[in-house]
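# Structure assessment
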Amino acid sequence: MDLDTFWQIISDTRADTADESERADALTEHLVGLTPGEIADFDRHYEEQKVRSCTWLLWGAGYLVKGGCSEDGFDYFRDWLIGAGRTLFEQALADPDSLAELLSPDQGELEAGDLGYAAGQAYQQSTGEELPDNGITFGSPTGEPWEDDDLAALLPRLSARFAE
C-alpha cells in the first residue's frame, strides 16, 4: 500500500460517518477486508503521519483550539488531524496557525484516539494475532518548546480566535 492509498482509505471511511467513534468503526471494518500485509502497511503509514505531526508548534495549536492539551490530548488531536483527511492534515503541518480558518470554536473535542487502534483491531480480527511492531518509535516533538505566553506571537490567528 502506498501513501495515496492510505489517504484514500481515510477519506473513504470518513465520508458516511457522523462522529469519531463511527469513523473508527468504519475504518476498522474497511481494514478487515484487506490482507494482513496491507493492514500492516496502513499501520506503518498511520504511525509515520503521527511522527510527522509531532511538533511543538502543532501542539501549541492543539493547546489553543482545545483550551489546553496534555500529552495524551496532543496524541488524540493528531489522530483527529489524520482522520480529518490529507488536505487538512498537510495544511496544519505546513502552517498550524491556518487552523484558525479551518476550525470553529464549537468544533467539538478534536480528538479521535480510537482511529489509532483501528489497524491493530482489524489485524486481530483478520488473523487472530497481534499486529506486528512496525518499528516506528516516537520521540520528543520537533521544533522549539513554547510557554503559554509565547503562543500569541507564534500562532496569532489561533490565539485571536481561540485563546481565553
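Residues numbered from 1 in each chain as written. Predicted model: local features only at pLDDT ≥ 70, side-chain atom pairs only at ≥ 80, totals over all residues. Heavy atoms only, no water.

## Observations concerning the packing of helix 3 (residues 36-52) against helix 5 (residues 71-83)
- Two numbers describe how helix 3 lies on helix 5: the axes approach to 10 Å, and their chain directions differ by 120 degrees. One finds that helix 3 runs oblique with respect to helix 5. Judged by the sense of rotation from one axis to the other, the crossing of helix 3 with helix 5 is right-handed. Counted together, Tyr-46, Gln-49, Lys-50 and Val-51 of helix 3 and Asp-75, Arg-78, Asp-79 and Ile-82 of helix 5 form the full contact between these two elements. (Axes fitted to C-alpha atoms, helices over the stretch in contact; angles between N-to-C directions. Helix = DSSP H or I, 4+ residues; strand = E, 2+ residues; numbered from the N terminus. Parallel < 35°, antiparallel > 145°, perpendicular 65-115°, else oblique. Left-handed = near helix turned anticlockwise from the far one by under 90°. Contact = heavy atoms within 4.5 Å.)

## Some details on the pattern of salt bridges
- Counting across every chain of the model gives 12 salt bridges.
- With its nearest N and O atoms 3.1 Å apart, the salt bridge here joins Arg-23 to Glu-20. Highlighted residues: Arg-23 and Glu-20, both in helix 2 (residues 20-32), separated by three residues, approximately one helical turn.
- With a relative accessible area of 22%, Glu-20 lands in the partly exposed category.
- Its salt-bridge partner being Asp-97, residue Arg-157 comes within 3.0 Å of it at the nearest N-O pair. Placement of Arg-157 in helix 10 (residues 156-162) and of Asp-97 in the loop between helix 6 (86-94) and helix 7 (99-102) is noted, with a sequence separation of 60 residues between them.
- Overall, Arg-157 belongs to the partly exposed group, its relative accessible area being 35%.
- Classification of Asp-97 as buried rests on a relative accessible area of 5%.
- Members of the salt-bridge network, linked through shared partners, are Lys-50, Asp-75, Arg-78 and Asp-79. (Salt bridge = Lys/Arg side-chain N within 4 Å of Asp/Glu carboxyl O. Buried < 20%, exposed > 50% of the residue type's maximum accessible area, 1.4 Å probe, protein only.)

## Re the environment of Thr-55
- Tracing the backbone through its elements, the reader meets Thr-55 in the loop between helix 3 and helix 4 (56-66).
- Take Thr-55: its relative accessible area is 18%, and that puts it in the buried class.
- The contact partners of Thr-55, leaving out residues within four places of it in the chain, are Phe-74, Pro-141 and Thr-142.

## Some details on the side chain of Asp-79
- Among the structural elements, Asp-79 can be located in helix 5.
- Reaching out from Asp-79, the side chain makes a polar contact with the side chain of Tyr-46 at a distance of 2.6 Å. (Polar contact = N/O pair within 3.5 Å; in protein donor to acceptor, adjacent residues only side chain to side chain.)

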